[in-house]
Amino acid sequence: MTSESTCPCGSPKYSECCQPCLDGQAHAKSPEALMRSRYSAYIELRPQYLYDSRHSSTRNKRTVQELEENCKAISFQSLTILEAPLPEEDEKEAFVEFRAVFKKNEEWGYTQEKSRFFKEDGQWFFVDSQFNDPQLKPEDPCWCPEGQSFGQCHGRDK
Ligand SMILES: [Zn+2]
Ligand SMILES: [Zn+2]
């Protein structure tokens, strides 16, 4: 991954998006930027970043070693930000809802989460996530990239 590449999170330029965060040159400017950088950290295999960017109240849920195993087990394919209101300057808590599609053991999977972030000493940290069901109708496009409707694809058994 070079600076000129597309960012792993899907935005046009790595050097102007997640790279400064992952390389420790800058803090994420917003909860959305932090969320994107954590997604990119999975792809770029930066378990220490995943650890450090988590708030101290929940940081010990996973060791750096466990995070590294998670990064290796999951191959993220796409990120969609669903809701990321920009918090006011003095706001100390914020939420970002997103859907991420991945491959694990050759199977498609997704996670839809509403992540919580705390601001401490001017820096945003990831706290925890609430997992949501995407509520797709059978005629909606499936969340996986196979190009079929949800009802003919992963929604078939529902
Ligand atoms: Zn990015
Ligand atoms: Zn599908």
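Coordinates for the structure precede this section.
Within any chain, residue numbers begin from 1 and follow the written order of that chain's sequence. Each chain is given a letter, starting from A, and each ligand a number, starting from 1, according to the order in which they appear as written. At least 70 in pLDDT is required for a residue's local features to be given in this predicted model, at least 80 for side-chain atom pairs to be given and counted, and no such filter applies to totals for whole chains, interfaces and linings, which use all residues.

Undergrad: Please clarify how the overall build of the protein should be interpreted in this entry.
TA: The helix and strand labels rest on DSSP assignments: H or I over at least four residues marks a helix, E over at least two residues marks a strand, and numbering proceeds from the N terminus. When you go through the protein residue by residue, the secondary structure sums to four helices and four strands. Radius of gyration: over C-alpha atoms. The globule rule applied is 2.2 Å multiplied by the number of residues raised to the 0.38 power. Scaling as 2.2 N^0.38, a compact globule of 158 residues should have a C-alpha radius of gyration of about 15 Å, and the protein matches this with 16 Å. We call a residue exposed when 12 or fewer other C-beta atoms sit within 10 Å of its C-beta, buried when the count reaches 20 or more, and partly exposed for counts in between; the C-beta positions come from the backbone. A burial count over the protein gives 26% of its 158 residues as buried. Contact between residues is assigned whenever the C-beta positions, reconstructed from backbone atoms, fall within 7 Å. Contacts in the protein between residues far apart in sequence, at least 24 positions, make up 39% of those at least 6 positions apart.

Undergrad: Mind showing me how you'd approach the sheet that holds strand 3 (residues 107-120) here?
TA: Hydrogen bonds along the backbone pair up the strands of a sheet, which may run parallel or antiparallel. At least two bridges found by DSSP between two strands are what make those strands a pair. In spatial order, the strands read 1-2-3-4; together these four strands make up an open sheet with antiparallel pairing. Of all strands in the sheet, those with a lone pairing partner are strand 1 (75-83) and strand 4 (123-131), marking the two edges. Going across the sheet, the axis of each strand differs from the next one's by a mean of 30 degrees, ignoring polarity. In this sheet, strand 4 lies alongside strand 3 in antiparallel orientation, the contact comprising eight bridges. Residue lysine 119 lies in a different strand from strand 4, and its bridge partner there is tryptophan 124. To obtain each axis, a line is fitted to C-alpha atoms, and for helices this fit is confined to the stretch in contact; angles are then taken between N-to-C directions over 0 to 180 degrees.

Undergrad: Explain unusual backbone geometry to me, please; I cannot follow it from the model alone.
TA: Most peptide bonds take the trans form, and the phi angle of most residues other than glycine is negative. Of note in this structure, asparagine 105 is not a glycine but carries a positive phi near 50 degrees. By the secondary structure assignment, asparagine 105 is in the loop between strand 2 (93-104) and strand 3. Of note in this structure, aspartate 121 is not a glycine but carries a positive phi near 50 degrees.

Undergrad: What is the right way to read the environment of aspartate 90 from this model?
TA: Within the element layout of this structure, aspartate 90 appears in the loop between strand 1 and strand 2. Separated by 63 residues in the primary sequence, aspartate 90 and cysteine 153 place their C-alpha atoms 45 Å from one another.

Undergrad: Before we go on, may I ask you to explain the nonpolar core in this structure?
TA: Nonpolar side chains in soluble globular proteins tend to end up buried together. Among the nonpolar cores identified, the biggest contains 27 residues, and Cys9, Cys18, Leu34, Tyr39 and Phe117 are the most heavily contacted of them. At the level of elements, helix 1 (19-22), helix 2 (31-43), helix 3 (47-52), strand 2 and strand 4 are the ones that each hand at least two residues to this core. Looking at this core element by element, the count peaks at seven residues for helix 2. The term nonpolar core refers to a set of buried Ala, Val, Leu, Ile, Met, Phe, Trp, Tyr and Cys residues connected through C-beta atoms within 7 Å.

Undergrad: How should the environment of alanine 26 be read in this particular structure?
TA: Along the polypeptide, alanine 26 turns up in the loop between helix 1 and helix 2. Its 12 C-beta neighbours within 10 Å are what place alanine 26 among the exposed residues. With residues up to four places along the chain from it excluded, the contact list for alanine 26 reads Pro20 and Cys21.

Undergrad: Just to check I follow, could you spell out the environment of tyrosine 39 for this structure?
TA: Within the fold, tyrosine 39 resides in helix 2. Tyrosine 39 gets classed as buried once you count the C-beta atoms within 10 Å, which come to 22.

Undergrad: Would you explain the pairing of strand 2 in this entry?
TA: Within a regular strand, side chains alternate between the sheet's two faces. Pairing of strand 1 with strand 2 involves seven bridges; the strand directions are antiparallel. Residue pairing in the sheet places serine 78 in a bridge with valine 101 of strand 2. Relative to strand 3, strand 2 is paired through twelve bridges, and the arrangement is antiparallel. Bridged to phenylalanine 102 within strand 3 is glycine 109.

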